[in-house]
Structures are given as structure tokens and as C-alpha cells.
Amino acid sequence: MPIDLSSLKSERDRLKDNLREIEGELRRLESELKGLRQREIATKREIEALATLVELGESREVKNAD
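Everything quoted here is computed from the prediction, not taken from an experiment.

Procedures and definitions
Residues numbered from 1 in each chain as written. Predicted model: local features only at pLDDT ≥ 70, side-chain atom pairs only at ≥ 80, totals over all residues. Heavy atoms only, no water. Helix = DSSP H or I, 4+ residues; strand = E, 2+ residues; numbered from the N terminus. Rg over C-alpha atoms; globule rule 2.2 N^0.38 Å. Buried < 20%, exposed > 50% of the residue type's maximum accessible area, 1.4 Å probe, protein only. Areas by Shrake-Rupley, 256 points an atom, 1.4 Å probe, with all protein chains shown as cover. Lys, Arg positive; Asp, Glu negative; His and termini not counted. Charge placed at Lys NZ, Arg CZ, Asp CG, Glu CD. Salt bridge = Lys/Arg side-chain N within 4 Å of Asp/Glu carboxyl O. Patch = residues over 30% accessible without salt bridge, like charges linked within 9 Å, V, L, I, M, F, W, Y side chains within 5 Å.

**Student:** Any details on the overall build of the protein chain? Residues and values, ideally.
**Tutor:** In terms of helices and strands, the protein chain carries one helix and zero strands. The C-alpha atoms of the protein chain give a radius of gyration of 28 Å, which is well past the 11 Å a tight globule of 66 residues would have. Here the protein chain holds 66 residues, and 0% of them are scored as buried. Accessible surface computed for the protein chain: about 6500 Å², of which carbon and sulfur atoms make up 57%. Counting 14 positive and 16 negative side-chain charges, the protein chain places the averaged centre of each group 6 Å from the other.

Written out as C-alpha cells, the structure is:
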């Protein structure tokens, strides 16, 4: 059975189109992931800042209780 060259070219073109779609989706997801990582870092910093304030407040309460 001979290989149909036009079918192969058509399949190749279809796969190239699929690859472009996948690459576009990957770029979108990478951008979204970067945004989520930035939010994670900001949230961790807020937690650390609040933990520090809580510790300071607790140490003042202990000193005032003495």
C-alpha cells in the first residue's frame, strides 16, 4: 500500500496547529503560575509580619503582667 503524501502533509499540518495551541496554553499557564507564586510570596510575607506583631504584643503583655 503506497503512502499518500497529501495525507501525510495534512496530518503534519494538523499536528503543527495542535502544537501551536499547546504552546499558547503553556504560555498562559506559565503566566498564571507566576502570578500565583507572587501572591504566595506576598501572603507569606504578610503572615511573617503579623506573626512578628503578635510576638511583640505577647512579649509586652508578659512584661506588663510582671
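On we go from here.
**Student:** Before we move on, can you summarise the pattern of salt bridges with the specific residues and values?
**Tutor:** Under the definition given, this model contains six salt bridges. Close ionic contact of Arg14 with Glu11 constitutes a salt bridge, the shortest N to O distance being 2.5 Å. Of this pair, Arg14 and Glu11 both sit in helix H1 (residues 5-65), three residues apart, which is roughly one turn of that helix. Taking the shortest distance from any N to any O, the salt bridge between Lys44 and Glu40 comes out at 3.3 Å. Taken as a pair, Lys44 and Glu40 lie in helix H1 at a separation of four residues, close to a single helical turn. What makes Lys44 partly exposed here is its relative accessible area of 46%. Sharing partners across several salt bridges, the network here consists of Glu25, Arg28 and Glu32.

**Student:** A description of a nonpolar patch on the surface should follow, citing residues and the corresponding values.
**Tutor:** On the surface, Ile3, Leu5 and Leu8 cluster together into a nonpolar patch covering about 340 Å² of accessible area. Structurally, Leu8 is set in helix H1.

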